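Single-letter residue listing:
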Amino acid sequence: MRRLFVPVLGLLAPAWASAQPPAPQTIDQLAEQVAGIRRQRAELDKAEGAALAGIAAELKRQRELLERLGIDGPAPKPPAPPAPPADPLRAKLKAALDASAGTAAEKGEWARDLAALYRAAAKLTAEPGLATAGTLRLKLKEAAAALIGEAALREVRQAVAAELAAVLPTTDAELTPDQREAAARLFKVLAAHLEELAK
C-alpha cells in the first residue's frame, strides 16, 4: 500500500512542477544565426543586382533598336507659334504719348480719359443725328478739351485725327453706314490701346 502511494502522488503533481524553461542559446548559436541572416541578405543583394543588370541590358537593347529604326528619343517639340505682328497703330499712339508733355501719372490719367471718350464716340457714330464727319470731329474736339484741356496729349490727339482721316470723308457729306461702322471700330481699337498704354 505504501509503495503505491508515491507513484499516485507523482501523478497528482501539477504539470508546471515538471516543466523546465528552455536553456538559453549559447554565444556560438547566436553567432551562427547572425551569420545565416547575413548569408541570406548577401544572396538577396546578389539576386537584386542580377535583376537590375538584366533590366539595364534590356533597356539598352531597346534603345539600340529604336536608334536603328530612327525613332529614338522624345518626340520633337512643335515649332513655337510666330509672334503676332506689332500693331502699327499702337506704336504710333505710344510714340505720341511718350512725346506728350506731363508726368507719367498725368499722361496715364489723360489717356484713360481719352479712352473713355473714344468708347463713347464708338456708340455716337450710330446716332442718326450725327450726320457728317465734320460734326463728329467737332464734338470730339469739344469733348476732349472739356475733359483733359486744350493742350493735354496734343500729340496723341493729332495721331488720332490722322487715323480718322483715313476712314472718314474730309467733306461734310453725310456719313454712310460703312463709314460709321469703320469709325466705330477705330474708336474701339483706340480706346483699347490707350487703356493698355495707360497702365
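Residues numbered from 1 in each chain as written. Predicted model: local features only at pLDDT ≥ 70, side-chain atom pairs only at ≥ 80, totals over all residues. Heavy atoms only, no water.

(A) Quick peek at the overall build of the protein. Along its length, the protein carries 8 helices and 0 strands. Along the protein, from the amino end to the carboxyl end, the secondary structure elements read α-α-α-α-α-α-α-α. Buried residues in the protein amount to 24% of all 199 residues. Long-range contacts, defined here as pairs at least 24 residues apart, represent 72% of the contacts in the protein between residues at least 6 apart. For the protein, the exposed surface amounts to about 14700 Å²; the carbon and sulfur share of it is 62%. (Helix = DSSP H or I, 4+ residues; strand = E, 2+ residues; numbered from the N terminus. Buried < 20%, exposed > 50% of the residue type's maximum accessible area, 1.4 Å probe, protein only. Contact = heavy atoms within 4.5 Å. Areas by Shrake-Rupley, 256 points an atom, 1.4 Å probe, with all protein chains shown as cover.)

(B) Examining helix 4 (residues 88-99) more closely. With 12 residues, helix 4 should reach 16 Å at 1.5 Å per residue; the first-to-last C-alpha distance of 17 Å fits that figure. Against the buried residues of helix 4 lie helix 5 (104-124), helix 7 (154-167) and helix 8 (177-197). Put simply, Asp87 is the residue that caps the front of helix 4, since its side-chain oxygen is 2.9 Å from the backbone nitrogen of Leu89. (Expected span 1.5 Å × (residues − 1). Polar contact = N/O pair within 3.5 Å; in protein donor to acceptor, adjacent residues only side chain to side chain.)

(C) Region of interest: a nonpolar patch on the surface. Among the surface-exposed residues, Leu52, Ile55 and Leu59 lie close enough to one another that they form a single nonpolar patch of about 280 Å² accessible area. Within the secondary structure, Ile55 is located in helix 3 (residues 27-69). In this structure Ile55 comes out as partly exposed when scored by relative accessible area, which is 49%. (Patch = residues over 30% accessible without salt bridge, like charges linked within 9 Å, V, L, I, M, F, W, Y side chains within 5 Å. Salt bridge = Lys/Arg side-chain N within 4 Å of Asp/Glu carboxyl O.)

(D) Up close: the packing of helix 5 against helix 8. Running from amino to carboxyl end, helix 5 crosses helix 8 at an angle of 160°, the nearest separation of the two axes being 8 Å. Relative to helix 8, the element helix 5 is oriented roughly antiparallel. Seen from above, helix 5 lies across helix 8 with left-handed handedness. Residues Ala111, Leu114, Ala115, Tyr118, Arg119, Ala121 and Ala122 of helix 5 lie in contact with helix 8, whose contacting residues are Ala184, Phe187, Lys188, Leu190, Ala191, Ala192, Leu194 and Glu195. (Axes fitted to C-alpha atoms, helices over the stretch in contact; angles between N-to-C directions. Parallel < 35°, antiparallel > 145°, perpendicular 65-115°, else oblique. Left-handed = near helix turned anticlockwise from the far one by under 90°.)

(E) Just the pattern of salt bridges, in detail. Taken as a whole and assessed by the stated rule, the structure comprises 6 salt bridges. Between Glu163 and Lys92 there is a salt bridge, with the nearest N and O atoms lying 3.2 Å from each other. In this pair, Glu163 is assigned in helix 7 and Lys92 in helix 4, connecting sequence segments 71 residues apart. Looking at Glu163, the relative accessible area reads 19%, which means it is buried. The partner of Asp98 in a salt bridge is Lys94, and the shortest N-O contact between them spans 3.0 Å. Here Lys94 and Asp98 lie together in helix 4, a separation of 4 residues that amounts to about one turn. By relative accessible area, Lys94 is classed as partly exposed at 36%.

(F) View of the packing of helix 6 (residues 133-148) against helix 7. Interhelical geometry of helix 6 versus helix 7 gives an angle of 165° and a closest axis separation of 13 Å. Regarding the angle of helix 6 to helix 7, the classification is roughly antiparallel. Between helix 6 and helix 7 lies a crossing of right-handed hand. Residues Arg137, Leu140, Ala144, Ala145 and Ile148 of helix 6 form the contact with helix 7, whose own contacting residues are Arg157, Leu164 and Ala165. Within the contact of helix 6 with helix 7, the residues separate by chemical class into 6 nonpolar, no polar and 2 charged. (Nonpolar A, V, L, I, M, F, W, Y, C, P; charged D, E, K, R; others polar.)

(G) Local environment of the nonpolar core. Among the nonpolar cores identified, the biggest contains 35 residues, and Leu114, Tyr118, Leu140, Leu153, Val156, Phe187 and Leu190 are the most heavily contacted of them. Every element with two or more residues in this core is listed here: helix 4, helix 5, helix 6, helix 7 and helix 8. Phe187 has contacts with Tyr118, Ala121, Ala122, Thr125, Leu136, Leu140 and Leu164, leaving out every residue within four places of it along the chain. (Core = buried A, V, L, I, M, F, W, Y, C linked by side-chain atoms within 4.5 Å.)

Everything listed here is a matter of coordinates, which is why it stays silent on function.
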